[in-house]
Amino acid sequence: MKRSCVLLASLLATTLAWADVAVFTNMSGDGNWHNPANWSTNRVPGVNDHVVIPEGKRCLFSGAAISWTITVQGELHALQGGSFFTTEFKVSKGAEVLTGKTLRIDGVGVLVSKVTVQNEGTIQGTTKEANLTIGPCFIPELSPEEVVFNNVGGSVKDIDWFVFRGHEFNMEGGFLRVGMLGVNTDLFKMHNGSSILSLFYSESSYLTTGVRIRAANFEIGPDCRITTGNTPTDGLYYAGDIVIAADQFLNKGGLFPGLGTLQNGRLKIQGQKVTNNGSMGNQSGLGKASLAHNFNSVTLRADTVLIERVDGMITADTLRVYGRQIIVKIQNGVGIGLMTGVDFYTTVDGTIDFTQTTYFNAIAGGYIKRIFSNHVIPSEQWRLQSVFGGPVSVFPADATLLQASATLAPSFGYAGTRDTLQLYLQNQSMTAVRLAYTVSSNLGWAPALNDSTTQLAPFASVAIAIPFAIPPGTSRGTADTVKVTVTIGRLVVAKASAAISCLSRSSEPWTVSQVVVKPDQVNLVVGQQQQFTAVGMNADGDTLYFEPEWSATGGTIDSTGLYTATQAGDFSVTCTDKLSGASASAAVHVGATEVCSESAMAPQEFELRQNYPNPFNPVTTIAYEVKERCRVILKIVDVRGKAVALLVDQMQQPGLYTVRFDARELASGIYFYQIQMAAFNAVKKMVVVK
């Protein structure tokens with residue numbers, strides 16, 4: 001890890017001198033991010049550059065990139081997924097980002113305290129494998145202290161799963177349409193009315209996995225909503241649940257679990273203080289029967305629960321409310337509509353208060369209406385009947401009721417790195433209890449924990465860090481499932497599970513680990529030149545920009561990779577990444593050659609002559625005539641047409657040329673040598689005999 005810090009510090013220092021605004025021009029016409037010719041800086045952007053993809057430009061991206069800021073005003077197509085390491089990733093209004101696999105936005109490696117992702121345009125999946133992750137893969141020395149996602153009127157749609165880990169998740173207009181949403185944040189907010197978060201039906205699994213949110217503070221404004229599941233045209237499926245664990249919870253909008261053909265979605269809210277001023281349960285009417293005859297169920301659990309009728313109502317099959325203090329304040333219409341019924345539970349010393357409910361039949365429908373509490377206000381049956389519109393059964397608080405909840409947020413990381421899953425436990429019993437929990441994982445990334453315990457008062461909660469480590473070398477896309485079982489005594493009261501996904505087989509996916517030099521072997525003659533190119537890749541095979549350092553034997557090579565042969569023999573060309581030290585070499589064989597003087601009479605025609613001797617072992621000479629200055633390509637191919645040697649690839653003046661070819665690396669057999677000169681093409685046969 002220290003090497004990572006030194007490496008990135010060095011990267012910052014070396015790039016500071018050439019920091020610039022890198023504008024994508026697409027001058028080459030291929031649209032490739034990794035082509036230096038497509039940038040106003042004439043180089044691929046580096047860590048300290050401000051990247052801009054202008055309106056009207058389409059940039060094709062794959063692999064990984066590290067830049068100070070990235071602003072998309074046109075189109076960014078990452079159809080094979082990819083990784084962006086940056087301090088700010090902005091999708092402007094009208095801009096579009098497309099991905100077909102996992103798109104990652106991370107601040108790790110940029111050495112900053114804050115990373116912001118702002119979407120005012122569209123982030124869209126193009127396949128069922130399209131995923132989006134935002135947030136750091138935890139590396140203490142490199143991770144940003146704060147990660148923020150702002151959706152300002154934009155849309156994130158047709159993404160299979162969207163996982164966010166950070167400090168603020170803000171929806172200020174626009175919408176998300178994803179298969180699964182997992183959020184672990186300090187602050188979750190939805191405002192400005194048009195903010196809509198909806199889950200779509202996944203044909204691949206016949207299941208909408210739902211919404212899982214863990215937040216210290218959770219708030220939905222008026223006219224905002226969270227929904228799961230849309231009924232497909234055919235097939236049987238379960239609708240997704242909405243599960244929210246928040247210390248402070250406020251709903252002024254709508255929370256609507258989906259309606260499945262096998263089972264409807266459920267709404268589960270838990271925290272320290274739960275306040276509902278909006279709508280919950282079914283989006284319209286009193287539920288819709290599924291084939292399993294289930295309706296939406298709504299469960300609220302908190303130390304303090306406040307149910308108000310402001311702009312919406314709770315509509316469900318069953319409503320269960322657990323708390324130490326429950327306040328029902330319904331004054332301007334029916335606040336709770338039920339199919340089956342409602343249960344209110346308080347602790348032994350808890351209170352349920354209906355005194356601020358003034359609307360007659362405020363809790364309507366249902367044939368089961370029960371209160372389990374030692375302190376009901378008002379206590380008179382006739383007053384309670386005016387609230388419930390009928391008889392209400394009142395029982396003492398049930399001190400023997402043992403319940404708990406466990407919420408485990410999904411996570412992700414890089415191979416070889418260590419992190420923690422956040423387990424949120426809440427005692428939902430009517431008395432103080434000791435919760436025991438066990439932890440296991442399918443692949444063993446999280447160490448097994450047996451019967452760890454914590455003592456909790458009624459509705460008290462605790463956040464527990466579950467450590468995990470992704471083994472070095474784990475392939476990208478591999479996932480482990482961590483399972484938690486919670487017991488009170490021998491009674492199992494809660495279960496939870498979450499996936500950990502490996503996003504890279506390297507712990508430093510922004511670092512070049514492999515260099516590829518092309519061509520990897522050539523045959524030249526003294527005085528001939530050859531242009532070499534190099535590509536840097538991380539451990540996943542993603543293309544990365546890097547600063548190449550060229551060296552060679554048997555000739556000279558410049559900073560662009562242009563090699564000039566100065567002596568005959570077997571030599572090599574090597575390219576090294578200055579920062580990581582990764583390198584690769586190409587083999588160079590240099591033979592003797594004869595070139596007619598340019599002052600002599602130039603050939604009248606292009607011609608390829610028969611090699612001599614033929615058959616040969618192992619050396620032969622090939623002669624050809626160049627009529628006019630042009631690019632000459634001379635190569636050897638086998639009987640299947642596969643190129644086995646490149647002898648010439650350069651611009652040449654008119655004249656007679658001879659090239660010495662050494663076939664010591666080839667097996668006996670028939671081969672062909674092909675030449676291209678301007679519009680002239682020719683092929684001749686040669687035989688290697690050993």
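About the criteria used
- Residues numbered from 1 in each chain as written.
- Predicted model: local features only at pLDDT ≥ 70, side-chain atom pairs only at ≥ 80, totals over all residues.
- Heavy atoms only, no water.
- Buried < 20%, exposed > 50% of the residue type's maximum accessible area, 1.4 Å probe, protein only.
- Helix = DSSP H or I, 4+ residues; strand = E, 2+ residues; numbered from the N terminus.
- Pairing = 2+ DSSP bridges.
- Phe/Tyr/Trp six-rings, centres within 6.5 Å; stacked < 30°, edge-to-face > 60°.
- Lys NZ or Arg CZ within 6 Å of the ring centre and 35° of its normal.

*Asks:* Would you explain the pairing of strand 27 (residues 336-353) in this entry?
*Replies:* In regular strands, side chains alternate between the two faces of the sheet. With respect to burial, strand 27 is a largely interior element, 14 of its 18 residues being buried. Bridge count between strand 26 (residues 314-329) and strand 27: twelve bridges; the pairing is parallel. Across the sheet, alanine 316 pairs through a bridge with leucine 338, a residue of strand 27. In this sheet, strand 28 (residues 363-365) lies alongside strand 27 in parallel orientation, the contact comprising three bridges.

*Asks:* I tried to follow the sheet that holds strand 43 (residues 533-537) on my own but got confused; where do I start?
*Replies:* Paired through backbone hydrogen bonds, the strands of a sheet run either parallel or antiparallel to each other. Reading across the sheet, the three strands line up as 40-43-44 and stay open at both edges, with antiparallel pairing between neighbours. A single partner strand is all that each edge strand has here, and the edge strands are strand 40 (514-518) and strand 44 (543-544). Of the strand pairs in this sheet, strand 40 and strand 43 are connected by five bridges, and their pairing is antiparallel. Opposite glutamine 514, over in strand 43, you have methionine 537 as the bridge partner.

*Asks:* I would appreciate a short explanation of the packing of aromatic side chains in the present structure.
*Replies:* Centre-to-centre distance and the angle between the planes together describe a pair of aromatic rings. Taken as a whole, this structure holds 24 aromatic pairs when the rule is applied. Centre to centre, the rings of phenylalanine 218 and phenylalanine 249 are 5.0 Å apart; their planes meet at 5°, and the pair counts as stacked. One end of the pair, phenylalanine 218, is in strand 19 (residues 210-220); the other, phenylalanine 249, is in strand 21 (residues 242-251), and 31 residues separate them in sequence. Summarising the aromatic geometry, the rings of phenylalanine 344 and phenylalanine 354 are spaced 5.8 Å apart at their centres and angled 85° between planes, so their arrangement reads as edge-to-face. Here phenylalanine 354 lies in the loop between strand 27 and strand 28 and phenylalanine 344 lies in strand 27, a separation of ten residues in the sequence. With relative accessibility at 0%, the residue phenylalanine 344 sits in the buried group. Following the ring pairs from residue to residue traces out a cluster consisting of Phe149, Phe162, Phe164, Phe169, Phe188, Phe218 and Phe249. Note that arginine 165 overlies the ring of phenylalanine 412, its terminal NZ or CZ placed 5.5 Å from the centroid.

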